[in-house]
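Residues per chain are reported as follows:
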Amino acid sequence: MTSNETKTDVILIGAGIMSATLGTLLKELVPDWEISVFEKLGKPGEESSNEWNNAGTGHAALCELNYTNEKPDGSIDISKAITINEQFQISMQFWSYLVNHKRLHHPQEFIRQLPHMSFVQGDQNVLFLKKRFEALSNNPLFQGMEFSDDPNRIKEWIPLIMEGRTSKDPIAATKIDTGTDVNFGALTRRMFDYLTDTGVHVHYNQSVKDMKRTSDGLWEVKVKNLESGAIESHTAKFVFIGGGGGSLHLLQKTGIPESKHIGGFPVSGLFMVCNNPFVVEQHHAKVYGKAKVGAPPMSVPHLDTRYIDNKKSLLFGPFAGFTPKFLKTGSMFDLVTSIKPNNVLTMLAAGAKEMALTKYLIQQVMLNKDQRMEELREFIPKAKSEDWDLVVAGQRVQVIKDTVEGGKGTLQFGTEVITAEDGSIAALLGASPGASTAVQVMLEVIEKCFPQYRKEWESKIKEMVPSHGSSLMQNRELLRFIHHTTAKTLGFEDEGQENKKSKDPILQEV
Ligand SMILES: Cc1cc2nc3c(=O)[nH]c(=O)nc-3n(C[C@H](O)[C@H](O)[C@H](O)COP(=O)(O)OP(=O)(O)OC[C@H]3O[C@@H](n4cnc5c(N)ncnc54)[C@H](O)[C@@H]3O)c2cc1C
């Protein structure tokens, strides 16, 4: 081994929320393992995990209508909503553990409680929302949700959205006070500060260029130092590819059979941000609407209060867009170079199948500011163009693969963990529900890649995530305990006390 080669236990590629979470979990489970991180940018959390590149919604299916589909018999399927909610509670427990154990400080800088609302117009949508409310509100995970189709009541909740509304169409909304706004950028940076303090070698401006299996079963990772131009080799027993949009290219370089027949399709996002503090002050919620026909699920319009750098702001969007880049800082050749002999048919099949999506994206790209303002006015009828600026958000690379249900070239909207059969390498592809479920997804990586430690690590995992392996929906006692501890540790109780009582009905039960 020459001086510019190193050997380590674990290599994490990319310094986004996923690597931060996996690194922190491993540090708690096996503090003496050597971990190295390689990140091509100069800081952590600069791509999709950055606060300005995503919507900061703690996705718990409290307001996102795409997690509750209407079945052909007219009833509402809430199974996906339950899964997402339980997964978010896992993240909250782990963040709470990290704060409790002084790994993270000042939780209000990365998470705040904020009402989550759904808002719809038109007879059919009002009926759908009512049925959704009835299906969810009896479930302990969604306790405290309110429904109203009374414009006066809705005006009390969201005056900015109701002011100047002249349409006679029926409207309805649901509201639940225990939603969250999460600054995933701040959380990522905090976790990397902690990892650096505990001896993890975090290397910035270092881009991973290649990977191969060595004869002794390790992974050799070739890394380019973007400042000096030098190429270095690092070997590890386990590699996690957490490159966000960059993960697909890296996975393809591994040559593992599991990397074949998978493609990626980039969808970019744009938000409108309000620059008028007077308008910002009139809104206090995340309000999700219904996706337009043909729109992909991640393009559901929403108007969000955000807390970034202790400052309140207001974002509307996302508008979808298209560039062939897989990362915001990526290359115009990303899409083309991701097409390989083993995935070309999958990609072509997806192209033929997804004409509606292509048409939708073209329409979105062609929108000018006036047209975007028209969409915003469906939420804020009196919105003034001069109060709003356009900001470019992150890139999402949707996974395309062959599935039994969808056939060749099926576009996926969730996250996919791809692991080698022997568990020596894992990659995370896809972007939804994304950062909110980072802890559950990284626990899945640990389970798949380190089955030999399952027994040994179980009690520590339970200490960090008490609900691990159990259903919160079926264990009201545990649910109450978790709400109590997370509210206390993450500072929601202090926020609640400003209003003289806790906002969480689970905590008011005796
Ligand atoms: C518009 C938009 C809105 C979203 N809204 C939400 C939301 O409201 N709630 C939510 O939970 N999620 C949301 N998401 C999803 C969420 O942002 C992502 O799922 C999450 O940030 C992905 O984290 P990551 O660590 O996988 O990737 P990233 O944060 O993108 O990090 C990957 C890192 O890898 C680095 N990298 C890439 N290639 C290489 C290489 N070859 N060598 C070295 N480093 C490399 C990159 O520079 C980057 O820093 C949204 C995403 C978008 C785009």
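Because the structure is predicted, anything quoted here is derived from the model rather than measured.

Details of the overall build of the protein
Secondary structure assignment for the protein yields 17 helices and 21 strands. In terms of overall dimensions, the protein is globule-like: its C-alpha atoms have a radius of gyration of 23 Å, near the 24 Å expected for 510 residues. Its C-alpha atoms give the protein principal-axis dimensions of about 75 × 55 × 45 Å. If you take every contact in the protein between residues at least 6 apart in sequence, the share linking residues at least 24 apart comes to 74%.

Brief notes about the sheet that holds strand E7 (residues 146–148)
Strand order in the open sheet made by the nine strands is E7-E8-E6-E15-E16-E17-E14-E18-E19, with mixed pairing throughout. With one partner strand each, in any of the chains shown, E7 and strand E19 (407–411) form the two edges of the open sheet. Direction aside, neighbouring strands of the sheet carry axes that sit 25 degrees apart on average. Here helix H3 (residues 123–137) sits on the sheet and contacts strand E6 (116–121), E7 and strand E8 (171–176); the angle it forms with E8, its principal contact strand, is near 25 degrees.

Quick look at the domain arrangement of the protein
Along its sequence, the protein is organised into domain 1 (3–455) and domain 2 (469–508). Summarising the inter-unit geometry, the C-alpha centres of domain 1 and domain 2 are found 25 Å apart. Facing 21 residues of domain 1, the contacting portion of domain 2 comprises 17 residues. Contributing elements (two or more residues each) for the side of domain 1 that touches domain 2: helix H2 (79–100) and strand E5 (111–113). At nine residues, H2 tops the list of elements feeding residues into the side of domain 1 that touches domain 2. Looking at the side of domain 1 that touches domain 2 residue by residue, the class counts come to eight nonpolar, 10 polar and three charged.

Here's the deal with helix H1 (residues 17–29)
Because the α-helix completes a turn every 3.6 residues, residues three or four places apart line up on one side. The terminal C-alpha atoms of H1 lie 18 Å apart, and with 13 residues this matches the ideal 18 Å at 1.5 Å per residue to within 8%. Counting buried residues in H1 gives 11 out of 13 residues, a clear majority hidden from the surface. Regarding H1, the residues found buried are Ile 17, Met 18, Ser 19, Ala 20, Thr 21, Leu 22, Gly 23, Thr 24, Leu 25, Leu 26 and Lys 27.

Comments concerning the nonpolar core
One finds Ile 13, Val 239 and Met 442 to be the most contacted residues of the largest nonpolar core, which totals 130 residues. With 10 residues, the top contributor of residues to this core is H2. The residue makeup of this core includes at least three contributed by each of domain 1 (3–455) and domain 2 (469–508). Residues within four places of Val 239 in sequence aside, it is in contact with Ile 11, Ile 13, Met 211, Trp 219, Val 221 and Ile 425.

Some remarks on the packing of H1 against helix H13 (residues 438–449)
At a minimum axis distance of 9 Å, the contact between H1 and H13 shows a crossing angle of 60 degrees. Comparing the axis directions of H1 and H13 gives the class oblique. Crossing handedness for the pair H1 and H13: right-handed. Of the residues in H13, those touching H1 at Ile 17, Met 18, Thr 21, Leu 22 and Leu 25 are Ala 438, Val 439, Met 442, Val 445 and Ile 446.

Observations concerning the site of the ligand
Around the ligand, the surrounding shell holds 42 residues, and the nearest of these are Gly 14, Gly 16, Gly 244, Gly 246 and Gly 434. Mapped by element, the contributors of at least two residues to the shell around the ligand are H1, strand E11 (206–213) and strand E18 (388–403). For the shell around the ligand, the element with the highest residue contribution is E18, accounting for four residues. Looking at side-chain class alone, the shell around the ligand contains 17 nonpolar, 20 polar and five charged residues.

So, the confidence of the model for the protein
Regions with low pLDDT carry predicted coordinates that are not meant to be interpreted in detail. Confidence in the prediction for the protein averages 92 pLDDT; 95% of positions are at 70 or higher. Within the model, the stretch residues 496–500 combines pLDDT values under 50 with three contacts to residues more than four positions away or in other chains.

A short note on the environment of Glu 386
One can find Glu 386 in the loop between helix H12 (369–377) and E18. Assessed through the 8 C-beta atoms surrounding it within 10 Å, Glu 386 is described here as exposed.

A closer look at the pairing of strand E17 (residues 311–321)
Sheet analysis places strand E14 (residues 262–274) next to E17, joined by five bridges and oriented antiparallel. When the sheet's bridge partners are listed, Met 272 is paired in E17 with Phe 316. Both strand E16 (residues 302–308) and E17 contribute to a ladder of seven bridges, which runs antiparallel. Paired with Ile 308 across the strands is Lys 311, a residue of E17.

Regarding H3
With 15 residues, H3 should reach 21 Å at 1.5 Å per residue; the first-to-last C-alpha distance of 21 Å fits that figure. When H3 is considered as a whole, its buried residues turn out to be Phe 128, Leu 129, Arg 132, Phe 133 and Leu 136. Projected down its long axis, H3 shows its buried positions confined to an angular sector of 135 degrees, all on one face. Seen from the buried face of H3, the exposed residues on the opposite side, beyond 90 degrees, are Asp 123, Gln 124 and Glu 134. If you follow the buried residues of H3, they end up packed against strand E3 (69–70), strand E4 (76–77), H2, E6, E7 and E8.

Observations regarding the environment of Gly 164
With respect to the secondary-structure elements, Gly 164 resides in the loop between helix H5 (159–162) and E8. In sequence terms Gly 164 and Ala 383 are 219 residues apart; their C-alpha atoms lie 9.8 Å from each other. What Gly 164 contacts, discounting residues up to four positions off in sequence, is Pro 381 and Lys 382.

Details of unusual backbone geometry
One can expect most non-glycine residues to show negative phi and most peptide bonds to be in trans. Cis peptide bonds are those with omega within 30 degrees of zero, and the linkage from Gly 317 to Pro 318 qualifies with -5 degrees. Within the secondary structure, Pro 318 sits in strand E17. At His 106, a residue that is not glycine, the phi angle is positive and equals roughly 45 degrees. By the element assignment, His 106 lies in the loop between H2 and E5. On the neighbour-count criterion, His 106 (11 C-beta atoms within 10 Å) is exposed. Within the chain, Asn 310 stands out as a residue other than glycine whose phi angle is a positive 65 degrees. Summarising the element assignment, Asn 310 is placed in the loop between E16 and E17.

Some points on the environment of Ile 231
With respect to the helices and strands, the residue Ile 231 is situated in strand E13 (residues 231–241). As for Ile 231 and Val 208, which are separated by 23 residues in sequence, their C-alpha atoms are 9.4 Å apart. In contact with Ile 231, not counting residues within four places along its chain, are Lys 222 and Lys 224.

How each quantity is defined
- Residues numbered from 1 in each chain as written.
- Predicted model: local features only at pLDDT ≥ 70, side-chain atom pairs only at ≥ 80, totals over all residues.
- Helix = DSSP H or I, 4+ residues; strand = E, 2+ residues; numbered from the N terminus.
- Rg over C-alpha atoms; globule rule 2.2 N^0.38 Å.
- Contact = placed C-beta atoms within 7 Å.
- Pairing = 2+ DSSP bridges.
- Axes fitted to C-alpha atoms, helices over the stretch in contact; angles between N-to-C directions.
- Domains from an automatic or database assignment.
- Nonpolar A, V, L, I, M, F, W, Y, C, P; charged D, E, K, R; others polar.
- Expected span 1.5 Å × (residues − 1).
- Buried ≥ 20, exposed ≤ 12 C-beta atoms within 10 Å, placed from the backbone.
- Core = buried A, V, L, I, M, F, W, Y, C linked by C-beta atoms within 7 Å.
- Parallel < 35°, antiparallel > 145°, perpendicular 65-115°, else oblique.
- Left-handed = near helix turned anticlockwise from the far one by under 90°.
- Near = placed C-beta within 6 Å.
- pLDDT = per-residue confidence, 0-100.
- Arc of directions from axis to C-beta.

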